[in-house]
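Read off the chains here:
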Amino acid sequence: YASGTSGSGADYTVEMVVRALTVQVNCKAQVAGRIDTTNNTHYSVGISDSGVDFRATVSGSDSFLGGSSFTPTAGVDYTLKLVMSGTTISAYLDGGLVASVTDTSIAGTGKAGLRLINASGNATTEGFKVTSLTATDNASGSGTWLLVKN
């Protein structure tokens, strides 16, 4: 899912609260920013059964930017946050820094959104429940609620 419109700039923060309903092999929940749906391009940070990872995807080609081993616990809420400010892109899990990089591969504006992926690579809600998704402009501090689901 990507929001319907691109932000007014490339510098914004997108944050998602997700609950692992069950811990399933190769299921992922990711928050994403600077999404270009036409060219399959975006930054993302996500959790799966094996860890937390931070990636840049440009024209469908994935690059690992950072991460760590992590096993989510069923029934627990996790907060994933992606901060994009110029060429500095930072990823967080529950307020702790996963990684921060300088990257120029995705410089333009883009949509904010989420990705839920199962073992076969298909979008799914299996295993995860998204409870909120917000995007906040870094300059003005104004936020937009994109999704709230109880």
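The coordinates are above.
Below is a summary of the structure that appears in this document. What you see is a predicted model, and the numbers here were worked out from it, not measured in a lab.

What counts and how
Residues numbered from 1 in each chain as written. Predicted model: local features only at pLDDT ≥ 70, side-chain atom pairs only at ≥ 80, totals over all residues. Heavy atoms only, no water. Core = buried A, V, L, I, M, F, W, Y, C linked by side-chain atoms within 4.5 Å. Buried < 20%, exposed > 50% of the residue type's maximum accessible area, 1.4 Å probe, protein only. Helix = DSSP H or I, 4+ residues; strand = E, 2+ residues; numbered from the N terminus. Phe/Tyr/Trp six-rings, centres within 6.5 Å; stacked < 30°, edge-to-face > 60°. Lys NZ or Arg CZ within 6 Å of the ring centre and 35° of its normal. Pairing = 2+ DSSP bridges. Salt bridge = Lys/Arg side-chain N within 4 Å of Asp/Glu carboxyl O. Contact = heavy atoms within 4.5 Å. Axes fitted to C-alpha atoms, helices over the stretch in contact; angles between N-to-C directions.

A word on the nonpolar core. Residues Y43, I47, F54, L80, L82 and L93 are the most contacted members of the largest nonpolar core, which totals 29 residues. Those elements that place two or more of their residues in this core are β1 (12-20), β2 (28-36), β3 (41-48), β4 (51-58), β6 (77-85), β7 (88-93), β8 (96-102) and β9 (111-117).

If you walk through the whole model with that rule in mind, you get 1 aromatic pair. Ring centres of F70 and Y78 lie 5.3 Å apart, and the angle between their planes is 90 degrees; this geometry places the pair in the edge-to-face category. Assigned by exposure class, F70 and Y78 land together as buried. The side chain of K81 reaches across the aromatic face of Y92, ending 5.0 Å from its centre.

Counting buried residues along β1, 7 of its 9 residues qualify, which places the element largely inside the surrounding structure. Sheet topology note: the β1/β6 ladder contains 8 bridges and is antiparallel. Its bridge partner lying in β6, V14 is registered against L82.

Looking now at the pattern of salt bridges. With the rule as written, the count across this model stands at 3 salt bridges. In this structure, R19 and D77 form a salt bridge, with 2.8 Å as the shortest nitrogen-oxygen distance. Here the residue R19 occupies a position in strand β1, and D77 occupies one in strand β6, the gap between them amounting to 58 residues. The class of D77 is partly exposed, set by a relative accessible area of 34%. In this structure, the salt-bridge partner of D53 is R55, at a minimum N-O distance of 2.9 Å. Given the relative accessible area of 13%, D53 is considered buried.

Here D49 is to be found in the loop between β3 and β4. Excluding residues that lie within four positions of it along the chain, D49 makes contacts with V23, Q24, V25, N26, C27, F70, T71 and P72.

Quick look at the sheet that holds strand β5 (residues 61-69) now. As summarised here, the arrangement of the 5 strands in space is β5-β4-β3-β2-β9, forming an open sheet in which the pairing is antiparallel. Because the sheet does not close on itself, it has two edges, and the strands there are β5 and β9. Adjacent strand axes in the sheet meet at a mean angle of 20 degrees when their direction is disregarded. Relative to β3, β2 runs antiparallel, the two sharing 7 bridges. Across the sheet, A29 pairs through a bridge with I47, a residue of β3.

Topologically, I117 is positioned in strand β9. Accessibility expressed as a relative area gives 15% for I117, which makes it buried. Between the alpha carbons of I117 and A29 there is a distance of 6.6 Å; along the sequence they are 88 residues apart.

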